[in-house]
Amino acid sequence: MQDATDNERLVREIRINCQSLLEMIENNVDAARVEMGFFDLVEEEVDLVDVIGDAVSVAAPLAEKKSIGLTSYIAPDVPVIRSDRNALGKILANLVSNALKYTDEGGSVFIGAAVSFDGRSVEIEVRDTGIGIAFEALGCVFERYVQSCSSSLRRRGGSGVGLSLVRELAGMLGGTVAVKSELGRGSSFSVKLPLR
(Lines give C-alpha, C1' and ligand atoms only; values in the text may rest on other atoms or scores of the structure.)
Protein backbone atom coordinates (compact mmCIF):
# COMPACT_ATOMS: atom_id res chain seq x y z
CA MET A 1 0.00 0.00 0.00
CA GLN A 2 1.34 3.43 -0.97
CA ASP A 3 1.80 6.09 1.64
CA ALA A 4 1.07 9.82 1.28
CA THR A 5 4.66 10.59 0.22
CA ASP A 6 4.44 8.17 -2.72
CA ASN A 7 1.11 9.64 -3.76
CA GLU A 8 2.52 13.17 -3.66
CA ARG A 9 5.47 12.07 -5.76
CA LEU A 10 3.18 10.46 -8.35
CA VAL A 11 0.96 13.55 -8.54
CA ARG A 12 4.06 15.73 -9.01
CA GLU A 13 5.33 13.41 -11.79
CA ILE A 14 1.96 13.51 -13.55
CA ARG A 15 1.81 17.31 -13.30
CA ILE A 16 5.34 17.71 -14.71
CA ASN A 17 4.69 15.28 -17.58
CA CYS A 18 1.37 16.96 -18.43
CA GLN A 19 3.10 20.35 -18.45
CA SER A 20 5.79 19.02 -20.79
CA LEU A 21 3.21 17.56 -23.17
CA LEU A 22 1.17 20.77 -23.13
CA GLU A 23 4.30 22.81 -23.98
CA MET A 24 5.03 20.58 -26.98
CA ILE A 25 1.46 20.90 -28.27
CA GLU A 26 1.41 24.68 -27.76
CA ASN A 27 4.79 25.04 -29.51
CA ASN A 28 3.53 23.17 -32.58
CA VAL A 29 0.31 25.21 -32.69
CA ASP A 30 2.23 28.50 -32.25
CA ALA A 31 4.79 27.52 -34.90
CA ALA A 32 1.95 26.83 -37.36
CA ARG A 33 0.30 30.17 -36.49
CA VAL A 34 3.59 32.04 -37.03
CA GLU A 35 4.17 30.25 -40.34
CA MET A 36 0.68 31.14 -41.60
CA GLY A 37 0.91 34.72 -40.35
CA PHE A 38 -1.82 34.29 -37.73
CA PHE A 39 0.27 35.05 -34.66
CA ASP A 40 -0.80 38.57 -33.79
CA LEU A 41 1.33 40.68 -31.47
CA VAL A 42 -0.29 42.92 -28.88
CA GLU A 43 2.11 45.65 -27.84
CA GLU A 44 1.73 46.81 -24.25
CA GLU A 45 3.84 47.83 -21.28
CA VAL A 46 5.61 44.73 -19.97
CA ASP A 47 7.53 44.40 -16.73
CA LEU A 48 10.25 41.77 -17.14
CA VAL A 49 10.18 41.18 -13.38
CA ASP A 50 6.70 39.69 -13.84
CA VAL A 51 7.51 37.72 -17.01
CA ILE A 52 10.66 36.19 -15.53
CA GLY A 53 8.86 35.55 -12.24
CA ASP A 54 6.16 33.60 -14.10
CA ALA A 55 8.78 31.53 -15.95
CA VAL A 56 10.52 30.67 -12.67
CA SER A 57 7.22 29.68 -11.02
CA VAL A 58 6.29 27.32 -13.86
CA ALA A 59 9.79 25.77 -14.03
CA ALA A 60 10.32 25.40 -10.27
CA PRO A 61 8.66 21.94 -9.85
CA LEU A 62 10.88 20.35 -12.54
CA ALA A 63 13.97 22.09 -11.18
CA GLU A 64 13.16 20.79 -7.70
CA LYS A 65 12.56 17.26 -9.02
CA LYS A 66 15.98 17.25 -10.73
CA SER A 67 17.73 19.05 -7.83
CA ILE A 68 18.69 21.88 -10.18
CA GLY A 69 19.33 25.32 -8.74
CA LEU A 70 17.02 27.83 -10.47
CA THR A 71 17.86 31.49 -9.91
CA SER A 72 17.02 34.81 -11.54
CA TYR A 73 18.23 38.41 -11.45
CA ILE A 74 16.83 41.52 -13.11
CA ALA A 75 19.18 44.50 -13.07
CA PRO A 76 17.65 47.52 -11.29
CA ASP A 77 17.93 49.74 -14.39
CA VAL A 78 15.83 47.43 -16.60
CA PRO A 79 12.77 49.53 -17.49
CA VAL A 80 9.22 48.50 -18.25
CA ILE A 81 9.34 47.81 -22.00
CA ARG A 82 6.88 48.02 -24.90
CA SER A 83 6.45 44.48 -26.16
CA ASP A 84 4.10 41.51 -26.38
CA ARG A 85 3.85 39.79 -22.99
CA ASN A 86 2.51 36.53 -24.46
CA ALA A 87 5.37 36.22 -26.97
CA LEU A 88 7.96 37.05 -24.31
CA GLY A 89 6.45 34.43 -22.01
CA LYS A 90 6.69 31.79 -24.74
CA ILE A 91 10.31 32.73 -25.48
CA LEU A 92 11.29 32.38 -21.83
CA ALA A 93 9.26 29.22 -21.28
CA ASN A 94 11.06 27.49 -24.16
CA LEU A 95 14.54 28.63 -23.16
CA VAL A 96 14.07 27.67 -19.50
CA SER A 97 12.44 24.35 -20.38
CA ASN A 98 15.40 23.47 -22.64
CA ALA A 99 17.91 24.54 -20.01
CA LEU A 100 16.30 22.23 -17.46
CA LYS A 101 15.99 19.39 -19.96
CA TYR A 102 19.69 19.44 -20.83
CA THR A 103 21.00 20.03 -17.31
CA ASP A 104 21.64 17.02 -15.12
CA GLU A 105 20.87 16.63 -11.45
CA GLY A 106 22.79 19.04 -9.23
CA GLY A 107 23.34 21.60 -12.00
CA SER A 108 22.04 25.14 -12.21
CA VAL A 109 19.94 27.37 -14.46
CA PHE A 110 20.08 31.16 -14.33
CA ILE A 111 17.68 33.68 -15.88
CA GLY A 112 18.77 37.30 -16.07
CA ALA A 113 17.87 40.60 -17.69
CA ALA A 114 20.04 43.68 -18.13
CA VAL A 115 20.25 46.79 -20.31
CA SER A 116 22.96 46.63 -22.98
CA PHE A 117 26.11 48.77 -22.67
CA ASP A 118 24.88 51.19 -25.33
CA GLY A 119 21.48 51.54 -23.63
CA ARG A 120 19.59 50.67 -26.81
CA SER A 121 18.37 47.21 -25.91
CA VAL A 122 17.54 44.88 -23.08
CA GLU A 123 19.14 41.44 -23.02
CA ILE A 124 17.45 38.43 -21.47
CA GLU A 125 19.79 35.52 -20.81
CA VAL A 126 19.09 31.90 -19.88
CA ARG A 127 22.29 30.15 -18.84
CA ASP A 128 22.75 26.55 -17.70
CA THR A 129 25.49 24.18 -16.56
CA GLY A 130 24.13 21.39 -18.74
CA ILE A 131 25.67 19.08 -21.29
CA GLY A 132 26.36 21.88 -23.76
CA ILE A 133 26.33 21.85 -27.55
CA ALA A 134 29.19 20.85 -29.81
CA PHE A 135 30.57 23.66 -31.99
CA GLU A 136 29.55 21.89 -35.21
CA ALA A 137 25.95 21.58 -33.96
CA LEU A 138 25.47 25.27 -33.11
CA GLY A 139 24.49 26.13 -36.69
CA CYS A 140 21.33 24.05 -36.63
CA VAL A 141 19.88 24.57 -33.13
CA PHE A 142 17.35 27.19 -34.34
CA GLU A 143 16.12 25.11 -37.30
CA ARG A 144 12.55 23.86 -37.05
CA TYR A 145 12.07 20.13 -36.35
CA VAL A 146 15.81 19.72 -35.87
CA GLN A 147 16.53 18.91 -32.23
CA SER A 148 20.23 19.02 -32.87
CA CYS A 149 22.93 17.75 -35.14
CA SER A 150 24.16 15.93 -32.03
CA SER A 151 22.76 12.52 -31.08
CA SER A 152 23.44 13.16 -27.38
CA LEU A 153 20.96 16.07 -27.48
CA ARG A 154 18.33 14.19 -29.50
CA ARG A 155 18.11 11.53 -26.78
CA ARG A 156 16.66 14.11 -24.36
CA GLY A 157 13.35 14.25 -26.26
CA GLY A 158 11.22 17.12 -27.50
CA SER A 159 9.72 18.04 -30.86
CA GLY A 160 12.50 20.28 -32.21
CA VAL A 161 10.16 23.28 -32.48
CA GLY A 162 10.96 25.30 -29.33
CA LEU A 163 14.15 27.09 -30.39
CA SER A 164 12.90 27.87 -33.90
CA LEU A 165 9.82 29.41 -32.28
CA VAL A 166 12.08 31.44 -29.98
CA ARG A 167 13.98 32.80 -32.99
CA GLU A 168 10.81 33.62 -34.93
CA LEU A 169 9.10 35.35 -31.98
CA ALA A 170 12.24 37.33 -31.12
CA GLY A 171 12.38 38.50 -34.74
CA MET A 172 8.72 39.52 -34.67
CA LEU A 173 9.50 41.61 -31.57
CA GLY A 174 12.32 43.35 -33.46
CA GLY A 175 15.02 41.42 -31.62
CA THR A 176 17.55 38.65 -32.07
CA VAL A 177 18.57 35.47 -30.29
CA ALA A 178 22.08 34.07 -29.97
CA VAL A 179 23.69 31.05 -28.38
CA LYS A 180 27.07 30.41 -26.80
CA SER A 181 27.89 26.89 -25.76
CA GLU A 182 30.65 24.40 -25.26
CA LEU A 183 30.23 20.66 -25.07
CA GLY A 184 30.24 19.56 -21.44
CA ARG A 185 30.26 23.14 -20.12
CA GLY A 186 26.68 24.36 -20.49
CA SER A 187 24.91 26.84 -22.74
CA SER A 188 23.85 30.47 -22.73
CA PHE A 189 20.96 31.72 -24.85
CA SER A 190 20.43 35.48 -25.03
CA VAL A 191 17.53 37.40 -26.51
CA LYS A 192 18.18 41.04 -27.34
CA LEU A 193 15.15 43.30 -27.66
CA PRO A 194 15.24 46.99 -28.69
CA LEU A 195 14.30 49.64 -26.15
CA ARG A 196 11.90 52.05 -27.81
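All of the points below concern the structure found in this document. (Residues numbered from 1 in each chain as written. Predicted model: local features only at pLDDT ≥ 70, side-chain atom pairs only at ≥ 80, totals over all residues. Heavy atoms only, no water.)

### Points about the sheet that holds strand β5 (residues 121–128)
Strand order in the open sheet formed by 5 strands is β2-β4-β5-β7-β6, and the pairing between neighbours is mixed. The open sheet has two edge strands with one neighbour each: β2 (69–74) and β6 (176–181). Strand-to-strand twist across the sheet, computed as the mean angle between neighbouring axes with direction ignored, equals 10 degrees. One ladder, built from 6 bridges, connects β2 with strand β4 (residues 108–115); its direction is parallel. Bridged to G69 within β4 is S108. (Pairing = 2+ DSSP bridges. Helix = DSSP H or I, 4+ residues; strand = E, 2+ residues; numbered from the N terminus. Axes fitted to C-alpha atoms, helices over the stretch in contact; angles between N-to-C directions.)

### Some remarks on the packing of aromatic side chains
For the structure on display, the rule yields 1 aromatic pair. When the ring of F142 is compared with that of F189, the centres are 6.1 Å apart and the planes differ by 85 degrees; the resulting orientation is edge-to-face. Here F142, found in the loop between β5 and α4 (151–154), pairs with F189, found in strand β7 (residues 187–194); they are 47 residues apart in sequence, far enough to count as distant. No difference in accessibility class separates F142 from F189, as the two residues are buried. (Phe/Tyr/Trp six-rings, centres within 6.5 Å; stacked < 30°, edge-to-face > 60°. Buried < 20%, exposed > 50% of the residue type's maximum accessible area, 1.4 Å probe, protein only.)

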